[in-house]
Amino acid sequence: MVAIRIEFDDDEQYERLKKLKKHRGLTWKGLLLEGEKKVREDTPE
């Protein structure tokens, strides 16, 4: 298993993402993977 440390720019950014994570019922890993999926959908190959 690989561990990754994420540093946020400020408390507001952290709280915004934490709220989104909780609202969607995701873990931090799940939120990251959902973000990857969205970037892939929005980026033409």
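Below is a summary of the structure that appears in this document. This one's a predicted model, so the numbers in the text were calculated from it and none came from an experiment.

Topic: a nonpolar patch on the surface
Residues V2, I4 and I6 make up a contiguous nonpolar surface patch of about 360 Å² in total accessible area. Its place among the elements puts V2 in the segment before α1 (11-24).

As for the environment of E15
Checked against the element boundaries, E15 lands in helix α1. Its relative accessible area of 40% is what places E15 among the partly exposed residues. It is 25 Å that separates the C-alpha atoms of E15 and R40, two residues lying 25 residues apart in sequence.

Notes on the packing of aromatic side chains
In this description, an aromatic ring pair is defined by two values, namely the gap between the centres and the angle between the planes. Under the counting rule described, the total for this entry stands at three aromatic pairs. Ring plane angle 65° and centroid distance 5.3 Å describe the contact between F8 and Y14, whose orientation is recorded as edge-to-face. Taking 5.9 Å as the distance between ring centres and 50° as the angle between the ring planes, the aromatic pair formed by F8 and W28 counts as tilted. Residue F8 is found in the segment before α1, and its partner W28 is found in helix α2 (residues 28-42); the two are separated by 20 residues along the sequence. Note on F8: relative accessible area 27%, which makes it partly exposed. The class of W28 is partly exposed, set by a relative accessible area of 34%. Ring pairs connect the aromatic residues F8, Y14 and W28, which therefore count as one cluster.

Here is what the cut-offs are and how they apply
- Residues numbered from 1 in each chain as written.
- Predicted model: local features only at pLDDT ≥ 70, side-chain atom pairs only at ≥ 80, totals over all residues.
- Heavy atoms only, no water.
- Patch = residues over 30% accessible without salt bridge, like charges linked within 9 Å, V, L, I, M, F, W, Y side chains within 5 Å.
- Areas by Shrake-Rupley, 256 points an atom, 1.4 Å probe, with all protein chains shown as cover.
- Salt bridge = Lys/Arg side-chain N within 4 Å of Asp/Glu carboxyl O.
- Helix = DSSP H or I, 4+ residues; strand = E, 2+ residues; numbered from the N terminus.
- Buried < 20%, exposed > 50% of the residue type's maximum accessible area, 1.4 Å probe, protein only.
- Phe/Tyr/Trp six-rings, centres within 6.5 Å; stacked < 30°, edge-to-face > 60°.

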